[in-house]
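# Breakdown of the fold
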Amino acid sequence: MFQLKENGTTVKTEVLAGMTTFLTMAYIIIVNPIVLSDAGVPFDQVFMATIIAAVIGTLWMALFANYPIAIAPGMGLNAYFTSVIIASDGTLDYVTAFSAVFVAGIVFVILSLTPLREKLIDAIPQNLKHGITAGIGLFIAFIGLRQSGIVAHHETNLVKLGDLTSAPVLLSLFGLIVTVILMARNVYGAIFIGMAATGVTAFFTGQLKFQEGFIKMPHLPEGIIVWNPVSAFGDVISHGLYGVVFAFLMVTLFDTTGTMVGVARQAGLLKNGKLPRVRPALLADSVAATAGAMFGTSPTSAYVESSSGVAVGGRTGLTTVTVAALFIIASFFGPLVGALSGVAAITAPALIIVGSLMIGVVKEIDWDAFEEAFPAFLIILTMPLTSSIATGIALGFISWPIIKIVKGKWREVHPLLYIFAIMFAYQLLFLPH
């Protein structure tokens with residue numbers, strides 16, 4: 001079924017690869033509920049929704065595309081989801097926000113069924129794509145620094161160095177140092193192991209307590225949150241959430257496709273520079289995003305941590321079947337995850353590390369060409385400073401064609417980019433963001 005011999009692999013290798021991938025991305029079932037709980041979403045709801053979305057997307061990738069690429073709710077997108085609700089000052093609840101995610105998922109499915117998705121990707125300049133990834137990385141790292149207490153609020157300068165002698169900050173620094181050492185030593189599952197080491201330390205220092213035990217039957221307190229497409233589209237229209245939907249689409253579009261191509265290239269699965277079975281692979285992410293919104297989580301993405309499984313020999317969908325099975329097993333440990341989520345120091349280092357990995361793409365930006373570099377820089381700068389991924393993307397997409405026109409290079413701008421620039425300008429001027 002998975003063509004193991006054709007791909008030069010074995011069942012043992014694929015299972016080991018799946019376990020490795022799961023260990024490197026298992027932090028999401030702890031971090032995602034923490035991030036979305038700030039928006040008022042019940043922890044247990046997000047915990048199960050995260051697992052459901054990951055299982056659906058990963059199994060789809062395994063069974064229909066036969067790739068060792070895992071799917072789960074994306075980092076950065078969950079922070080953006082929370083920031084949208086918080087920035088609305090009570091005018092937007094999480095149910096309505098999930099309607100926007102649901103609509104984005106439906107549009108994403110439609111795009112994945114047509115050649116339009118590939119055309120959209122080709123239309124966006126590479127430097128803007130790199131800027132988006134790097135900007136999200138900075139945004140995520142900044143969130144981790146704030147949650148850990150390493151960076152604190154300052155009335156005049158906005159931020160300052162936190163109290164490095166406080167127990168939570170010391171624990172965060174311990175977790176960060178351990179994880180960095182493991183990453184530097186190329187230890188598989190470094191982020192997960194670092195979280196485990198921090199958790200053990202937190203337990204023995206009295207910062208972590210298990211008051212509800214460890215195991216509990218999986219459940220969804222809110223049931224299915226969004227299911228009616230007509231109602232979901234109505235919510236988007238009535239609250240003017242076009243920019244939010246567009247932001248989800250744009251970020252997921254570039255992040256997922258780039259990750260898939262990168263991991264497939266590492267595994268030697270590209271044929272003549274292109275990804276075979278690209279349509280079912282793209283559908284895995286869009287179907288998972290739609291399903292995830294129904295149960296209560298932010299959009300999904302292909303996980304770059306899949307490269308750790310590929311590094312130990314994963315080449316087929318059997319790797320991702322293993323990942324999905326381990327996610328299902330994890331669903332029975334809700335109380336354990338809930339207790340861990342109460343200690344920010346356990347998860348904050350993971351955010352900082354993931355941010356450092358994402359910002360690495362800045363080296364790919366053409367810094368010698370001002371008209372290319374400045375829009376990318378604007379995206380990177382404004383995402384963390386405005387606490388909005390959408391705003392960063394908008395400013396980059398508006399500035400890029402303007403500078404090109406001034407340089408007399410307007411013919412180099414794809415017609416779609418002019419449309420994007422107008423849409424983003426309208427959003428920033430007249431719509432909530």
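Residues numbered from 1 in each chain as written. Predicted model: local features only at pLDDT ≥ 70, side-chain atom pairs only at ≥ 80, totals over all residues. Heavy atoms only, no water.

### Quick notes on the packing of helix 5 (residues 94-112) against helix 10 (residues 229-238)
Two quantities define a packed helix pair, namely the angle between the axes and the distance from one axis to the other. Counted only if it meets this: Where helices are involved, their axes are fitted lines through C-alpha atoms of the stretch in contact, as for all axes, and angles between N-to-C directions lie from 0 to 180°. In DSSP terms, a helix is any run of H or I states spanning at least four residues, a strand is any run of E spanning at least two, and both are numbered starting from the N terminus. Angles below 35 degrees are treated as roughly parallel, those above 145 as roughly antiparallel, those between 65 and 115 as roughly perpendicular, and all remaining angles as oblique. Helix crossings are classified by the rotation of the near helix relative to the far one: an anticlockwise turn of less than a right angle makes the crossing left-handed, while a clockwise turn makes it right-handed. By definition, residues are in contact when any of their heavy atoms lie within 4.5 Å. Under the scheme applied here, ten amino acids are nonpolar (Ala, Val, Leu, Ile, Met, Phe, Trp, Tyr, Cys and Pro), four are charged (Asp, Glu, Lys and Arg), and all others, including Gly, are polar.
Look at helix 5 against helix 10: their axes get within 8 Å of each other, and the N-to-C directions meet at 115 degrees. As far as their axial angle goes, helix 10 and helix 5 are roughly perpendicular. The element helix 5 and its partner helix 10 pack so that their crossing is left-handed. Together, T96, S99, A100, F102, V103 and I106 of helix 5 and P229, A232, F233, D235 and V236 of helix 10 make up the contact between the two elements. Here the residues of the contact of helix 5 with helix 10 are counted per class, giving eight nonpolar, two polar and one charged.

### Topic: the nonpolar core
The cut-off we apply is this: We define a nonpolar core as any set of buried Ala, Val, Leu, Ile, Met, Phe, Trp, Tyr and Cys residues linked to one another through side-chain atoms lying within 4.5 Å. The cut-offs for exposure are 20% and 50% of the maximum accessible area for each residue type, with area from a 1.4 Å probe on protein chains only; residues under the lower value are buried, those over the upper are exposed, and the others partly exposed.
Counting residues in each nonpolar core, the largest one holds 103 residues, and the members touching the most others are F81, F327, I393 and F397. With eleven residues, helix 5 is the largest single contributor of residues to this core. One finds V263, A267, L282 and A302 within the second-largest nonpolar core, a separate group that totals 18 residues.

### Quick word on the environment of A104
Tracing the sequence through the fold places A104 in helix 5. By relative accessible area, A104 is classed as buried at 6%. C-alpha of A104 to C-alpha of M250: the two residues are 146 residues apart in sequence and 9.8 Å apart in space. Among residues more than four places away in sequence, those in contact with A104 are V245, F248 and L249.

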